[in-house]
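Now for the letters of each chain:
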Amino acid sequence: MDGVQPPAIRYPWSEPPAPGEAIEVADGVLWMRLPLPMALDHVNVYALDDGDSWTVIDTGMSSKKTRGIWEQLMSGPLSGKPVKRIVVTHHHPDHVGNAGWFQSEHGAELITSRTAWLFARMLTLDVQENWPQETLDFYRSAGMAADVLEKRMAERPFNFSDTVYPMPLGFTRIKQGDVIHMGGRDWDVHMGNGHAPEHATFWSRDDNLVLTGDQIISSISPNLGVYATEPMADPVSDWLEACERLQSLAHPDQLVLGGHKLPFTGLPVRMRQLIENHHGALARLIDELDTPKAAADCFAPLFKRPIREGEYGLALVEAVAHLNHLYHIGSVSRSRRVDGAWEYQRKG
């Protein structure tokens, strides 16, 4: 009815499970948490009870510490039953990191989207001891601060294989429109995009559960980044399309189980916030482009807060993403600066 406000976002649990422990968030569905060595210091993983075994959703970043926690979880909350299936929502290391370990050491089946598997498998095999010239050129084209670039060049490049366990050949593909049976429920598969290509989300047909990975998170907006691998990508457009499509599936009583932060209800409100957040960022950004600016000069209008050293890399690739979007829709022009950086300026 017009004028009636939808229910607000609510958090049924105020605290996450402790390391090695689990919280049952629904019948046969366990929420667990693994540590990450970064500002966002955790990832949520889930186990769905299939009777004689478990299906696990996402796996954490590869490390001996994380696998030690998995051993605790498997002998404790997972009651010694085998993990027969690993479902990976998307290819980022904090989600796919231990999938290969579950495959090779525990005989689990890996289920994910084709794009996620291809990216993860390709990146684990692409080991760089020195910085590729394309990456350095990309950083310069984004206007990366000289001191940040110099520090990066002095260090060994980050390699995907540093945080992802070797992945054996073979996986089972899921795609848009599939139905998968997990934890006594049938789940519709809907693919997101923007944060990661072909990012799988799962919507229960039998109750109000939604598994969203990083496509939908309660209190932070997932990073939308552009990298040297595809420097003209427009993940903001991909993101907005996915959010608008998934928004039609949202109901206030759904319990959303995301890849980070706390489970929540009030999904229609959150979907609207996620969409408006990026439209607002784009509006603030274009207002700043009456004078030419490189991506590294655009943090203030985009993020509205100081960017610390540990956040600089993610902020830079997200700034490139928003500028690329404005360029692709014809709102800005760009030209090369003497130092190789692209500068963007509002048209008209």
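First things first, this report covers the structure right here in the doc. (Residues numbered from 1 in each chain as written. Predicted model: local features only at pLDDT ≥ 70, side-chain atom pairs only at ≥ 80, totals over all residues. Heavy atoms only, no water.)

1. Some remarks on the pattern of salt bridges
What the rule picks out here adds up to 19 salt bridges. Linking R156 and E129 is a salt bridge whose minimum nitrogen-to-oxygen distance equals 3.1 Å. Of this pair, R156 sits in the loop between α6 (146-153) and β7 (172-173) while E129 sits in the loop between α4 (114-125) and α5 (133-141), and the two are 27 residues apart along the sequence. Residue class for R156 comes out partly exposed when judged on its relative accessible area of 42%. A salt bridge links E309 to K151; the shortest N-O distance between them is 2.4 Å. Of this pair, E309 sits in the loop between α9 (299-303) and α10 (312-328) while K151 sits in helix α6, placing them 158 residues apart in sequence. On the basis of relative accessibility, which here comes to 62%, the residue E309 falls in the exposed class. (Salt bridge = Lys/Arg side-chain N within 4 Å of Asp/Glu carboxyl O. Helix = DSSP H or I, 4+ residues; strand = E, 2+ residues; numbered from the N terminus. Buried < 20%, exposed > 50% of the residue type's maximum accessible area, 1.4 Å probe, protein only.)

2. As for the sheet that holds strand β11 (residues 209-213)
Pairing in this open sheet of 5 strands is mixed, and the strands run β8-β9-β10-β11-β12 from one edge to the other. Each edge of the open sheet carries a strand with a single partner, namely β8 (179-182) and β12 (255-258). Strand-to-strand, the axes of this sheet are offset by a mean angle of 30°, without reference to chain direction. (Pairing = 2+ DSSP bridges. Axes fitted to C-alpha atoms, helices over the stretch in contact; angles between N-to-C directions.)

3. Focus on the packing of aromatic side chains
Following the criterion strictly, the structure yields 8 aromatic pairs and no others. In this arrangement the basic side chain of R334 is found over the ring face of Y327, its NZ or CZ atom lying 4.9 Å from the centre. (Phe/Tyr/Trp six-rings, centres within 6.5 Å; stacked < 30°, edge-to-face > 60°. Lys NZ or Arg CZ within 6 Å of the ring centre and 35° of its normal.)

4. Re the layout of surface pockets
Looking at the second largest pocket, its volume works out to about 240 Å³. Lining the second largest pocket are 16 residues, and of these F138, S141, P231, R336 and W342 lie nearest its centre. If you list the elements that add at least two residues to the lining of the second largest pocket, you get α5, α10, β13 (332-336) and β14 (342-346). Considering every element that reaches the lining of the second largest pocket, the biggest residue donor is α5, with 4 residues. For the lining of the second largest pocket, the per-class residue count stands at 10 nonpolar, 2 polar and 4 charged. (1 Å grid on protein atoms, 1.4 Å probe; cavity = no way out; pocket = protein on both sides within 12 Å on 5 of 7 lines; lining within 4 Å. Points joined across faces, edges and corners; volume = space filled by probe spheres on them. Nonpolar A, V, L, I, M, F, W, Y, C, P; charged D, E, K, R; others polar.)

5. Considering the sheet that holds strand β5 (residues 83-87)
Reading across from one edge, β1-β2-β3-β4-β5-β6-β7 is the order of the 7 strands in this open sheet, with mixed pairing throughout. Only two strands of the sheet have a single neighbouring strand rather than two, namely β1 (23-26) and β7. For strand β2 (residues 29-35) and strand β3 (residues 42-49), the ladder comprises 7 bridges, and the chain directions are antiparallel. Among the inter-strand pairings, L34 is bridged to a residue of β3, identified as V43. In this fold helix α1 (residues 64-75) packs onto β2, β3, β4 (54-57) and β5, with an angle of close to 155° to the strand it touches most, β2. (Contact = heavy atoms within 4.5 Å.)

6. Topic: unusual backbone geometry
Despite not being glycine, E198 has its phi angle at roughly 50°, a positive value. Here E198 lies in the loop between β9 (185-192) and β10 (199-204). We classify E198 as buried; its relative accessible area is 15%. Phi is positive for K304, close to 55°, though the residue is something other than glycine. Take K304: it is sitting in the loop between α9 and α10. On the basis of relative accessible area, K304 is assigned to the exposed category, the value being 61%.

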